[in-house]
Each structure stands twice: as C-alpha cells, then as structure tokens.
Amino acid sequence: MARIFPILATQFTVFFILSFFTINFAIGDDDTFVRSMDRKLLGVKKEKLSHFRLYWHDIVSGRNPSSIAVVQPVTNSSTFFGLISMIDNPLTLGPKLSSKMVGKAQGFYSSASQEGVGLLMAMNFAFMEGKYNGSTITILGRNPVFAEVREMPVVGGSGLFRFARGYVQARTHWLDNKTGDAIIRYDCYVMHY
C-alpha cells in the first residue's frame, strides 16, 4: 500500500495540473481570442472616399423578372406589410437597361412598415466589371419608398471594399405604377482602403 500511494499521488498531481490548464484555456481571458494586428499584414493602406452613381433596375413584371416575391403581404394591408422579395437586379451606368451593366444588386427587400411604405433593404452591390470585379458593397437599412431621397448605410464589403463604410442615397428615376417596375438612381459614398 505504501508503494501505491506515491503513484496515485503522482497521477493525481498530473491530472490536477492538466485539468487546471484545460479549464484555464477553455475559460481563458477575453484577450485569448483577440489580438492586435499590423494593418499592413492585411494590405490595408490609406483610406479613401469613392463615389459611385449606379442605376438599380427592379423588374417585377414580364417573363424574366429580377425581383420576385417569396412571401406575400398580409391581406388588407395598404403598405404591403410582410412582403419579402428576393432580388438579382441589374446595376447599370445609365438609366436605360441597355446601358453598360457593371454589377448586380443581390439580396432582398421586405415591407416592414404598417404605416406608410417603408422597406427593409438588405443587399450586396456585387461588381462584375473593371477594377472592382468580384468586390461587393453591403447595404442594410430602411427605405421609405415615397420620399424623394432615401439614405441607407453601407455596413461593409468584400474584396477592394473590405472594411467599407458609408452611405447610399436612392432617388426614384422611373416607376411604372401598373407593373411595379422601377429604376432607382443610387449615389454610393464609400470609405474604403
């Protein structure tokens, strides 16, 4: 029995030490998963402000719509409350759909107001041309549709728009009240590196 006790004591000591380190690493301090980084490691250079003027084509009619309702609004709602539409809308340099397409607005909008038409917009402007090909700007905000100018925040981006922030201003260029098709001018002001 005298020989077994030192072995058990040693095993208990090893078990206790390993348990302590396991618990310590599992709980850890708040800074065990966060660290400061040198911005040069991520290729972050001098911040700049860019302005993009794009035309957003919301096509809900015809044989090939770019916006489709995936959830219908509640009945008896004059504001289309509850409507959710998925979008893959062309972004062009000019107001005509035949002008040069530089990307797509991909995401959704939903009618989120019971008083007045107010949309929740959640979309990426995914660029497909030139220097910004493959990069995105992410927009998330409220769009009071019938206001002359609507402002929504740019909350991020990818590619050349990593760490992006800013805002967009939307203005209705054209609206067909019969079909719901619309062309919206977006002025994007984006801070990025």
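Calculation criteria
- Residues numbered from 1 in each chain as written.
- Predicted model: local features only at pLDDT ≥ 70, side-chain atom pairs only at ≥ 80, totals over all residues.
- Heavy atoms only, no water.
- Helix = DSSP H or I, 4+ residues; strand = E, 2+ residues; numbered from the N terminus.
- Buried < 20%, exposed > 50% of the residue type's maximum accessible area, 1.4 Å probe, protein only.
- Polar contact = N/O pair within 3.5 Å; in protein donor to acceptor, adjacent residues only side chain to side chain.
- Contact = heavy atoms within 4.5 Å.
- Pairing = 2+ DSSP bridges.
- Salt bridge = Lys/Arg side-chain N within 4 Å of Asp/Glu carboxyl O.
- Patch = residues over 30% accessible without salt bridge, like charges linked within 9 Å, V, L, I, M, F, W, Y side chains within 5 Å.
- Areas by Shrake-Rupley, 256 points an atom, 1.4 Å probe, with all protein chains shown as cover.
- Core = buried A, V, L, I, M, F, W, Y, C linked by side-chain atoms within 4.5 Å.
- pLDDT = per-residue confidence, 0-100.
- Phe/Tyr/Trp six-rings, centres within 6.5 Å; stacked < 30°, edge-to-face > 60°.

S.K.: Got a minute to help me understand the side chain of Ser 113 in this structure?
M.R.: Along the polypeptide, Ser 113 turns up in the loop between strand 4 (101–111) and strand 5 (118–127). Residue Ser 113 is classed as buried on the basis of its relative accessible area, which comes to 11%. Within the local environment of Ser 113, its side chain forms a polar contact with the backbone oxygen of Gly 116, the two atoms lying 3.2 Å apart. When near neighbours in sequence (up to four residues on either side) are disregarded, Ser 113 contacts Thr 79, Phe 81, Gly 118 and Arg 142.

S.K.: Just checking my understanding: could you explain the pairing of strand 4 for this structure?
M.R.: Consecutive side chains along a regular strand alternate between the two faces of the sheet. Within strand 4, eight of the eleven residues are buried, leaving the element largely enclosed by the surrounding structure. Where strand 3 (residues 84–92) meets strand 4, nine bridges bridge the pair, whose relative direction is antiparallel. Bridged to Asp 88 within strand 4 is Gln 106. When strand 4 meets strand 5, the two strands line up antiparallel, connected through nine bridges. The partner of Ser 111 across the bridge, within strand 5, is Leu 119. The antiparallel hairpin formed by strand 4 and strand 5 contains six residues in its connecting segment, where Gly 116 sits at a positive phi of about 85°.

S.K.: Explanation requested: the pattern of salt bridges in the structure shown.
M.R.: If the charged atoms of two oppositely charged side chains come close together, the side chains can form a pair. Within this structure, the stated rule accounts for six salt bridges. Residue Arg 165 is joined to Glu 47 by a salt bridge in which the shortest nitrogen-to-oxygen separation is 2.2 Å. Taken together, the residues span a long stretch of sequence, with Arg 165 in strand 8 (residues 165–175) and Glu 47 in the loop between helix 1 (4–27) and strand 1 (48–58) at a distance of 118 residues. On the basis of relative accessibility, which here comes to 42%, the residue Arg 165 falls in the partly exposed class. Relative accessible area serves as the criterion here: at 27%, Glu 47 is assigned to the partly exposed category. Note that Asp 187 and Arg 53 form a salt bridge whose closest N and O atoms lie 2.8 Å from each other. A residue pair is termed long-range when its members are at least 10 positions apart, and Asp 187 in strand 9 (residues 182–192) and Arg 53 in strand 1 qualify at 134 residues. Judged by its relative accessible area of 1%, Asp 187 is buried.

S.K.: What is the right way to look at a nonpolar patch on the surface in this model?
M.R.: Together, Ile 68, Val 70, Val 71, Met 86, Phe 108, Leu 120, Leu 140 and Val 155 give the surface a local cluster of nonpolar side chains, amounting to about 620 Å² of exposed area. If you trace the backbone, Leu 140 turns up in strand 6 (residues 136–144). Leu 140 sits in the partly exposed class, given a relative accessible area of 41%.

S.K.: How should I be thinking about the nonpolar core in this particular structure?
M.R.: Proteins that are soluble and globular tend to have nonpolar side chains buried together. Core analysis: the largest hydrophobic core is formed by 27 residues, its most contacted members being Trp 56, Met 123, Phe 125, Ile 137 and Tyr 186. Apart from residues lying up to four places away in sequence, Phe 125 is in contact with Leu 54, Trp 56, Leu 91, Lys 104, Ala 105, Ser 135, Thr 136, Ile 137, Ile 139, Tyr 186 and Cys 188.

S.K.: Help me out: how do you make sense of the confidence of the model for the chain in this one?
M.R.: Detailed reading of the predicted coordinates is not advisable wherever pLDDT falls low. Mean pLDDT over the chain works out to 89, with 84% of the residues at or above the 70 mark. Contacts from residues 20–26, a stretch scored under 50 in pLDDT, to residues over four places away or in other chains number one contact.

S.K.: When you look at the packing of aromatic side chains in this model, what are you seeing that I'm missing?
M.R.: For any pair of aromatic rings, geometry is given as the distance between the ring centres together with the angle between the planes. Taken as a whole, this structure holds eleven aromatic pairs when the rule is applied. Pairing Phe 52 with Tyr 132 gives two aromatic rings, centres 5.3 Å apart and planes at 80°, and the pair type is edge-to-face. Taken together, the positions of Phe 52 in strand 1 and Tyr 132 in the loop between strand 5 and strand 6 put the pair 80 residues apart, joining distant regions of the chain. The exposure class of Tyr 132 is buried, given its relative accessible area of 16%.

S.K.: How do you make sense of unusual backbone geometry when you look at a structure like this?
M.R.: Glycine aside, the phi torsion of most residues is negative, and most peptide linkages are trans. A positive phi angle is found at Asn 76, which is not glycine, with a value near 60°. Checked against the element boundaries, Asn 76 lands in the loop between strand 2 (67–71) and strand 3. The exposure class of Asn 76 is exposed, given its relative accessible area of 85%. If you check the backbone angles, Phe 80 has positive phi at about 60° while not being a glycine. Turning to its location among the elements, Phe 80 is positioned in the loop between strand 2 and strand 3.

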